[in-house]
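# Structure assessment
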Amino acid sequence: MCDTVMVMYAGKIVESAGVRELLHNPSHPYTIGLLKCVPRLEAKAETLYAINGQPPALLNAPEVCRFAPRCSERNESCQEATPPFVTVGQGHQVSCWRRRNNN
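Residues numbered from 1 in each chain as written. Predicted model: local features only at pLDDT ≥ 70, side-chain atom pairs only at ≥ 80, totals over all residues. Heavy atoms only, no water.

## Describing the overall build of the chain
A tally of helices and strands in the chain yields two helices and four strands. Traced from its N-terminal end to its C-terminal end, the chain shows the element sequence β-β-α-α-β-β. In terms of overall dimensions, the chain has a C-alpha envelope of 40 × 35 × 25 Å along the principal axes. Put simply, the chain has 103 residues, and 32% of those count as buried. Put simply, of all contacts in the chain between residues at least 6 apart along the chain, 34% involve residues at least 24 apart. Of the roughly 7300 Å² of accessible surface on the chain, a fraction of 52% belongs to carbon and sulfur atoms. Of note, the chain has its 11 positive side-chain charges centred 2 Å away from the centre of its 9 negative side-chain charges. (Helix = DSSP H or I, 4+ residues; strand = E, 2+ residues; numbered from the N terminus. Buried < 20%, exposed > 50% of the residue type's maximum accessible area, 1.4 Å probe, protein only. Contact = heavy atoms within 4.5 Å. Areas by Shrake-Rupley, 256 points an atom, 1.4 Å probe, with all protein chains shown as cover. Lys, Arg positive; Asp, Glu negative; His and termini not counted. Charge placed at Lys NZ, Arg CZ, Asp CG, Glu CD.)

## A short note on unusual backbone geometry
Its identity as a non-glycine residue notwithstanding, A10 has a phi of 50°, on the positive side. The residue A10 is located in the loop between strand 1 (4–9) and strand 2 (12–18) in this model. Although it is not a glycine, N60 adopts a positive phi angle of roughly 60°. Tracing the backbone through its elements, the reader meets N60 in the loop between helix 2 (29–36) and strand 3 (85–89). By relative accessible area, N60 is classed as exposed at 79%.

## Here's the deal with a nonpolar patch on the surface
A surface patch of nonpolar side chains, about 390 Å² in accessible area, is lined by M6, M8, I13 and F85. Examined against the element boundaries, M6 turns out to sit in strand 1. Classification of M6 as exposed rests on a relative accessible area of 52%. (Patch = residues over 30% accessible without salt bridge, like charges linked within 9 Å, V, L, I, M, F, W, Y side chains within 5 Å. Salt bridge = Lys/Arg side-chain N within 4 Å of Asp/Glu carboxyl O.)

## Considering the pattern of salt bridges
Note on pairing: side chains with opposite charge can pair once their charged atoms come close. All told, the structure shown has three salt bridges when counted by the stated rule. E63 is the salt-bridge partner of R66, the closest N and O atoms lying 3.9 Å from each other. On the accessibility criterion, R66 (17% relative accessible area) is buried. Residues R99 and E73 are paired through a salt bridge, measuring 2.9 Å at the closest nitrogen-oxygen approach. Residue R99 is located in the segment after strand 4 (92–95), and its partner E73 is located in the loop between helix 2 and strand 3; the two are separated by 26 residues in the primary sequence. Through salt bridges with shared partners, one network takes in K12, E63 and R66.

Set out below in structure tokens:
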């Protein structure tokens with residue numbers, strides 16, 4: 001049982017929120033992808049959703065968005081610096097350049 005969930009990608013926290021908030025309003029593209037991977041009883045699917053690509057090597061990892069190579073929403077900022085955490089809801093923070101103006 002927990003009240004807060006922190007989603008990590010390649011050793012970095014990318015999203016933090018209360019359980020219900022995160023499950024109903026995921027904001028980081030990785031969190032959204034993870035939730036799409038969960039099989040649903042009410043929906044029959046031939047194949048499950050998969051996030052394209054591979055996780056990065058962590059030795060000497062650059063200080064940029066580590067999910068960028070796999071992200072369908074990436075932009076130039078993603079490959080220049082690590083995005084700061086921004087608040088997107090009460091108790092809901094995300095580290096994503098695309099979400100930085102959605103306070």
